[in-house]
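If you want the building blocks of each chain, they are given just below.
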Amino acid sequence: MIKKFVYSQKVAPYVFVLPFILIFLMFWFFPLVNSFIMSFQDRMLGQDPKWIGEANYSKLLTDKVFLISIKNSVVYMLGTLVLLIPFPMLFAVMINSKLMMGREFFKSSFFLPALTSVAVAGTIFRLTFGEMEGSLMNSFLGLFGVEPIKFLKDGNWSMAALLILACWRWTGVNMLYYLSGLKSIDNEYYEAASIDGASAWQKFRMITMPLMKPTTVYVTTISVYAGLAMFTESLMMFNGNKSPQNIGLTIVGYLYRQGIEQNKLGYAAAVGIILLVIAMVINLTQLKFSGMFKKEED
Amino acid sequence: MGRSQTRSDFISRIVIIGLFIILFVIIMIPFYAVALSSFKPGESLVRYGLNLSLDFEIMSFDNFIFLFTGEHDYFVWFWNSMILTIVQVVLTLFVSAFVAYGFAAYDFKGKNFLFICVLLIMMVPFEILLVPLYSLINDLGMVNSYSAIILPGIANAATIFFFRQYLRSIPKEIIQSGRVDGANEYAIYFRLIMPIMKPSLAAMAILNGMNSWNNLLWPFMVLGDQSKYTLPIGLKTLLTPYGNNYDLLIVGSFFSIIPIFILFIAFQKYFIDGMTAGAVKG
């Protein structure tokens, strides 16, 4: 009887998606709702929660350190957008052009940094941006007569270091996304443009860029997400969640500091909800303006 | 036009290839510096940071000898990472592919809503759940256990999405013919569909494996017991303001990249397919 029920064609699809439903409810929906509730509470691990209304939120709005973390995360995110969308797109077009040689070789070697863990990559870059004269970056700058820079003690320089780390790891990956986007463009467009006497730049502007819009939207979406949620890179770069004057503190870093290091669960939950709202607002706006909701269903 | 055309092509070619060679060098410098530094004593790293100087007087195999013979937990971490990665990948693929088939092969009530939930997970930063998830794990008594790392990711949204895209290209006739032959719904999936999914399973195995091997934040929070540390956590703990573990850190970092490099070189195609497919369409 039970067997017949489970085996029926009507019930089978639910059996297939059941693991997702369970995991979703338990590890996503429940924690998310819980996070929302917690954000209105004064709560510590192992203690009874106390309802305090929107106090956490109003406190956050005047919390200078929190505002610094928002600024850092947003600047980092914008930096990754500016650096990790146009350049990988251009590189993909170049690598795809008939003039290129050794395509496969460059494609794979550009991907290699993405294989390193944040622990390793962070360590490498921490040591690369060491303040000593002999360390990689400073000795490179020394070639141009630049005095050694204390990268990890100055806000602007450390942001630059974090962005360089991001570029090193993700340029190749984004380039791959663009390469797969390029594959779907029909060659006829270019042939027609050539007959009309279009220059390479005109072809890029008028054909490649508009037709690769879905890729750009996708890359933008994941970059916004990853940029706002960045934490481990900074954790490794500064060898902990503490950086001088919080120059490396991100929103998630602050969430971690409040929730895990200081056990202020309610306050940390409110940080998480604000992060969620920021990420959603930016991404939904971005998707709306790029006309993604108008696309066909499915 | 012919001649000037080929000439400007030639110049563009030089420029493009030159640019890519420069980028290649920039990308490789950190790897080269780590490889080089793994032959240098820790003090040199403390004093000069990572650099490119080939100083044969101080370079030796000491770090490598220490890595393989010294008293430290490096290989415990390595082994833990290996086991965790394998178990995590096998379970995640099994569950995610199973779920994806449900989405791809059937029309059922609530399907669209559930699929929106899949997409939602892909859009919500996991990090915002750190605190409630940690307190949940704590309440369940799962702190310090690998299951706390494995379970939340077992129905991986991006992986489900990828498999669903892949499965939609499989003709429905296969499923129909299975039914005509009298196979039940699950036999159809396991006997007819799963074999067809092999290339996509390979792509996702590699991508999930890479993520799992490199994962730091959540395992770091969950695992308190040093004997359970994974490689990224272990490497992280070597970098303290007090300890002088640079020798092990640098050679250990270098060595930790090697397995995944070998994997990459052997299965490049799958890495790249996994990275790009399902990214755009849909």
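Above this text sits the structure in question.
Residues numbered from 1 in each chain as written. Chains lettered and ligands numbered in written order. Predicted model: local features only at pLDDT ≥ 70, side-chain atom pairs only at ≥ 80, totals over all residues. Heavy atoms only, no water.

### Some words on the interface of chain B and chain A
Chain B puts 99 residues into the contact, and the matching count from chain A is 88 residues. Summing both sides of the interface, chain B and chain A together bury roughly 8,800 Å²; the carbon and sulfur share of this comes to 81%. At the junction of chain B and chain A, the tally comes to zero salt bridges. At the boundary of chain B with chain A, the tally comes to 12 residue pairs in polar contact (both at pLDDT 80 or more). For the side of chain B that touches chain A, the element with the most residues is helix 1 (residues 2-37) of chain B, which contributes 18 residues. Tallied by class, the residues present in the side of chain B that touches chain A amount to 75 nonpolar, 14 polar and 10 charged. (Contact = heavy atoms within 4.5 Å. Buried area = accessible area lost by both parts, 1.4 Å probe. Salt bridge = Lys/Arg side-chain N within 4 Å of Asp/Glu carboxyl O. Polar contact = N/O pair within 3.5 Å; in protein donor to acceptor, adjacent residues only side chain to side chain. Helix = DSSP H or I, 4+ residues; strand = E, 2+ residues; numbered from the N terminus. Nonpolar A, V, L, I, M, F, W, Y, C, P; charged D, E, K, R; others polar.)

### A few points about the pattern of salt bridges
Residues and elements named next belong to chain B. Enumeration over the complete set of coordinates arrives at five salt bridges over all chains. Between Asp 107 and Lys 111 there is a salt bridge, with its nearest N and O atoms 3.4 Å apart. On the basis of relative accessibility, which here comes to 72%, the residue Asp 107 falls in the exposed class. Residues Arg 179 and Glu 185 are paired through a salt bridge, measuring 2.8 Å at the closest nitrogen-oxygen approach. Like Glu 185, Arg 179 is buried. (Buried < 20%, exposed > 50% of the residue type's maximum accessible area, 1.4 Å probe, protein only.)

### Re the packing of aromatic side chains
Taken as a whole and assessed by the stated rule, the structure comprises 62 aromatic pairs over all chains. Ring centres of Phe106(A) and Phe24(B) lie 6.4 Å apart, and the angle between their planes is 80°; on these two criteria the pair is classed as edge-to-face. Of this pair, Phe106(A) sits in helix 6 (residues 103-111) while Phe24(B) sits in helix 1, which puts the two residues in different chains. Residue Phe106(A) is classed as buried on the basis of its relative accessible area of 7%. In this structure Phe24(B) comes out as partly exposed when scored by relative accessible area, which is 22%. Taking the centre distance of 5.3 Å and the plane angle of 85° together, the rings of Phe78(B) and Trp213(B) count as edge-to-face. Taken together, the residues Phe78(B) in helix 4 (residues 74-105) and Trp213(B) in helix 11 (residues 198-214) connect sequence positions 135 residues apart. Summarising the burial analysis for this pair, Phe78(B) and Trp213(B) share the class buried. By the ring-pair criterion, three or more aromatic residues cluster together here, those being Tyr7(A), Phe16(A), Phe94(B), Phe98(B), Tyr101(B), Tyr106(B), Tyr186(B), Tyr189(B) and Phe190(B). (Phe/Tyr/Trp six-rings, centres within 6.5 Å; stacked < 30°, edge-to-face > 60°.)

Remember, this is a structural readout, not a statement about activity or role.
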